[in-house]
Amino acid sequence: RVCFKCNKNTRVIGFGIEKYIEFSDEYENGYRYNMDDEIHIASSLKPMPDKLLKFIQHNYNYKNTYSNFAEKTYLANHCENCNIIQGNNYVFHECDSPFFLDEEGKALNLKLYKVSLNYDIAFDNIDMSFSSGDMLIKKLSKIQDSGLIL
């Protein structure tokens, strides 16, 4: 991703979610099991498991900060060069975002690090987007083991 302030390349992260159960009163039986076998990108997970947060913060410039645009404090990507917040709107929802998968080249540039789970994890909130390009992630992205077990 190119930083909007210093115009230098910086790494940004998102969370790939593959299989999950969503609980909601909107569903007849109270939940829906996602079985589409695609990886969907989330900008945030709440609550963030401590072990995962430590791993991310050790390897990326990802930290809690206040966003003037969003008018709230949240965990976000920051430029590795000038340390300015790379807000979730800019990183995940703009058409030139690395996670806005409208072409194969963007999926080819994604690097996914698989995290193994001993048990399922319950999140109160996942800010996840869905795209017709999500089918490209497993097909074209580089996937490797992170060595992290939660």
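The sections below set out a description of the structure shown in this document. Think of each chain on its own: its residues are numbered from 1, step by step along the sequence as written. Residue-level local features of this predicted model are given only where pLDDT is at least 70; pairs of side-chain atoms are given and counted only at 80 or more, and the full residue set underlies all totals for whole chains, interfaces and linings. With hydrogens and water set aside, each side-chain value is computed from the structure's full complement of heavy atoms.

DSSP-based pairing: two strands are paired if at least 2 bridges between them are found. Runs of H or I in DSSP of at least four residues are treated as helices and runs of E of at least two as strands, each being numbered from the N terminus. Pairing within the open sheet is antiparallel, and its three strands lie in the order S1-S4-S9. If you trace the sheet from one side to the other, it starts and ends with strand S1 (15–17) and strand S9 (125–128), each paired once. The average angle at which neighbouring strand axes cross in this sheet is 50°, direction not considered. Across four bridges, strand S4 (residues 40–46) lies against S9 in antiparallel orientation. Paired with Leu 45 across the strands is Ile 126, a residue of S9. Helix axes are fitted only over the stretch in contact, all axes being lines through C-alpha atoms; the angle between N-to-C directions runs from 0 to 180 degrees.

Turning to the packing of aromatic side chains, a few remarks are in order. One pair of aromatic rings is described through two measures. These are the centre distance and the angle between the planes. Side-chain rings of Phe, Tyr and Trp (the six-membered ring for Trp) are treated as a pair once their centres are within 6.5 Å; stacked means planes under 30 degrees apart, edge-to-face means over 60, and tilted covers the remaining angles. Considering all chains together, one arrives at four aromatic pairs under this definition. Here Phe 15 and Tyr 62 contribute two aromatic rings whose centre-to-centre distance is 6.1 Å and whose plane-to-plane angle is 75°, an arrangement assigned as edge-to-face. Remark: Tyr 62 occurs in strand S5 (residues 62–67) and Phe 15 occurs in strand S1; sequence separation between them is 47 residues. By the burial criterion, Phe 15 is buried, and Tyr 62 matches it. Seen from their ring centres, Phe 23 and Tyr 31 are 6.3 Å apart, and the 50° between their planes marks the pair as tilted. For the exposure calls, accessible area comes from a 1.4 Å probe over protein chains only, and a residue counts as buried if that area is under 20% of its type's maximum, exposed if over 50%, partly exposed in between. With a relative accessible area of 64%, Phe 23 lands in the exposed category. Classification of Tyr 31 as partly exposed rests on a relative accessible area of 40%. Only lysine NZ and arginine CZ atoms are considered, and such an atom sits over a ring when it is within 6 Å of the ring centre and within 35 degrees of the ring normal. A cation over a ring is seen here: Arg 1 above Tyr 90, with NZ or CZ 3.8 Å from the ring centre. Its guanidinium or amino end placed over the ring of Tyr 74, Lys 72 lies 5.7 Å from that ring's centre, counting from NZ or CZ.

Cis geometry is adopted by the peptide bond preceding Pro 47, which originates at Lys 46 and carries an omega value of -5°. Summarising the element assignment, Pro 47 is placed in the loop between S4 and helix H1 (50–59). At Asp 37, a residue that is not glycine, the phi angle is positive and equals roughly 60°. Mapped onto the fold, Asp 37 is located in the loop between strand S3 (31–34) and S4. The backbone of Glu 71 sits at a positive phi, close to 55°, despite the residue not being glycine. Relative to the helices and strands, Glu 71 resides in the loop between S5 and strand S6 (72–78).

Bringing H1 into the picture now. Among all positions in H1, only Leu 52, Leu 53 and Ile 56 are buried. Within H1, the buried residues cover an arc of 100° as seen down the axis, which keeps them to one side. Facing away from the buried surface of H1 by more than 90 degrees, the exposed residues are Asp 50, Lys 54 and His 58. For this analysis, residues touch if any pair of their heavy atoms sits within 4.5 Å. Lining the buried residues of H1 we find S1, S4, S5, S6, strand S8 (111–116) and strand S10 (142–149). For this quantity, the arc is that covered by the directions from the helix axis to the C-beta atoms.

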